[in-house]
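Listed below are the residues making up each chain.
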Amino acid sequence: MPDTVTQPITLHKRAVAADARCSLQSVLDLFDLPFNELLWRAQQVQRENFPAQDVELATLLSIKTGGCEEDCGYCPQAARYDTGVEAKKILGLDEVLQAAQSAKASGATRFCMGAAWRSPKERDLEKVEAMVRGVKALGLETCATLGMLEEGQAERLQQAGLDYYNHNLDTAPEFYGKVITTRDYEDRLNTLERVRGAGLKVCCGGIVGMGESRLQRAGLLAQLANLDPYPESVPINHLVQVEGTPLHGQDKLDPLEFVRTIAVARIIMPRARVRLSAGRREMGEAVQALCFLAGANSIFYGDKLLTTGNPEANDDQALLAKLGLPVRHVQMAETEGCCD
Ligand code: SAM
Ligand code: DTB
Ligand code: SF4
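Residues numbered from 1 in each chain as written. Chains lettered and ligands numbered in written order. Predicted model: local features only at pLDDT ≥ 70, side-chain atom pairs only at ≥ 80, totals over all residues. Heavy atoms only, no water.

Turning our attention to the overall build of the chain. Each helix and strand counted, the chain has 12 helices and nine strands in total. Here the chain has a C-alpha radius of gyration of 19 Å; the compact-globule value for 340 residues is 20 Å, and the two agree. Overall, the chain is about 55 × 50 × 40 Å in size when its C-alpha atoms are taken along their principal axes. Pairs at least 24 apart in sequence give 76% of the contacts found in the chain among residues at least 6 apart. Accessible area of the chain: about 14700 Å², with a carbon and sulfur share of 50%. Across the chain, the mean location of the 37 positive side-chain charges is 1 Å away from that of the 46 negative side-chain charges. (Helix = DSSP H or I, 4+ residues; strand = E, 2+ residues; numbered from the N terminus. Rg over C-alpha atoms; globule rule 2.2 N^0.38 Å. Contact = heavy atoms within 4.5 Å. Areas by Shrake-Rupley, 256 points an atom, 1.4 Å probe, with all protein chains shown as cover. Lys, Arg positive; Asp, Glu negative; His and termini not counted. Charge placed at Lys NZ, Arg CZ, Asp CG, Glu CD.)

Okay, structure coming up:
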């Protein structure tokens, strides 16, 4: 039986414009379409909005690993779970710039710096500002994910040259409390509001495969689509199950349900870069190919995510070549809309 919206799931009032552009029932109706019909619609939206059919390559670097005080049930970097991830100090500027240079040489156009913080402290922010300045000077798009931001911090990052800030809603409000208790949905929305207010582009998505229902997957996507405006980048992570975390041992999500999630995200956020994010190593080529068909047009590129593995860069290049998918080049983006 398909879900219907009779359960007490709501769009979070803060995430919804006065007249929600995208009702939860309409999102659920998309999920319930026959698979081929859903992919056909997603492919049409994809072609209308991204005629080049290119795939963006974004490389991640963990600039501060482990020892995090939060209790996110999926995360190997939370200090309270015994996952084997050791807490390390923040990386030095040279190490970050070397990694960025090598990401650029491998073909990445975006460089995302991630830190295992609840929120950045003053002395940390100064170091990240220097990293952002340096990475930007290399000609890469810059992204950072540092946890919750206080008043004024987003502006400082923007002034340093940050293009995107990643902060995920992670799941539907109704499921959120089962996964995280040390900060609430409202905190996340506050940070997203600050990011937008500072003129940064928003990278915001979530994780599926955490034991949520289809209705809750639809709930996450409806929240994202009703952010005003919706995010420019939408990372859809498949839970990477890490031993020691509370979500380890979770029942696996049907891979075709993951593909559906990508397709629905594509349809309801037509101009967003929908990123096929964590969990690709466990997916195999055929499921990834379906995700590209369903409208994914960005990947994390590089042999590591933050602490867990990602497909080898060479294998990704081979897969994209096999599928005949071009990679995005920053120069192309800069001349988009130009008539010469
Ligand atoms: N500490 C900051 C925060 O939580 O906002 C930034 C880094 S945090 C690791 C960034 C995102 O990674 C999380 O919001 C979550 O969506 C994703 N993530 C973390 N662990 C994951 C896992 N095991 N599987 C899939 N996604 C994961
Ligand atoms: C996002 O949505 N996924 C990335 C990035 N933003 C920071 C992180 C995935 C982390 C997967 C688990 C790990 O490697 O520690
Ligand atoms: Fe900390 Fe971020 Fe991991 Fe949560 S997801 S435990 S805030 S590093």
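Let us now look at a positive patch on the surface. A grouping of Lys89, Lys121, Arg123 and Lys127 is seen on the molecular surface, where their side chains present a positively charged patch. Along the chain, Lys127 falls in helix α4 (residues 122-137). Look at Lys127 and you get partly exposed, because its relative accessible area is 41%. (Patch = residues over 30% accessible without salt bridge, like charges linked within 9 Å, V, L, I, M, F, W, Y side chains within 5 Å. Salt bridge = Lys/Arg side-chain N within 4 Å of Asp/Glu carboxyl O. Buried < 20%, exposed > 50% of the residue type's maximum accessible area, 1.4 Å probe, protein only.)

Let's shift gears to the pairing of strand β7 (residues 233-238). On a regular strand, one side chain projects to one face of the sheet and the next to the other, so that they alternate. For β7, a buried count of six out of six residues is recorded, marking the element as mostly surrounded by other parts of the structure. A two-sided burial pattern is seen for β7, the buried positions comprising Ser233, Pro235 and Asn237 on one face and Val234, Ile236 and His238 on the other. Where strand β6 (residues 206-208) meets β7, three bridges bridge the pair, whose relative direction is parallel. Bridging across to β7, Val208 finds its partner in His238. Bridge count between β7 and strand β8 (residues 273-276): four bridges; the pairing is parallel. When the bridges of β8 are listed, Ile236 appears paired with Leu276. (Pairing = 2+ DSSP bridges.)

So, on to helix α1 (residues 24-31). Buried residues of α1: Leu24, Val27, Leu28, Leu30 and Phe31, and no others. Down the axis of α1, the sector holding all buried residues measures 155 degrees, keeping them to one side. Contact partners of the buried residues in α1: α2 (35-49), α8 (214-225) and α9 (255-268). (Arc of directions from axis to C-beta.)

We now examine the site of ligand 2. Ligand 2 sits among Leu60, Pro76, Thr145, Asn166, Asn168, Pro235, Asn237, Phe300, Leu305, Leu306, Thr307 and Thr308. Leu306 is positioned with one of its backbone polar atoms (N or O) 3.0 Å from an oxygen atom of ligand 2. For ligand 2, the accessible surface in isolation is 400 Å², of which the surrounding protein chains cover 88%. Of the residues assigned to the shell around ligand 2, the class counts are six nonpolar, six polar and no charged. (Near = heavy atom within 4 Å. Polar contact = N/O pair within 3.5 Å; in protein donor to acceptor, adjacent residues only side chain to side chain. Nonpolar A, V, L, I, M, F, W, Y, C, P; charged D, E, K, R; others polar.)

This part covers the site of ligand 1. The immediate surroundings of ligand 1 are formed by 16 residues, with Tyr74, Ala115, Asn168, Asp170 and Val240 found nearest. Here Val240 contributes a backbone N or O atom positioned 3.0 Å from a nitrogen atom of ligand 1. Protein coverage of the free-state accessible area of ligand 1, which is 560 Å², stands at 91%.

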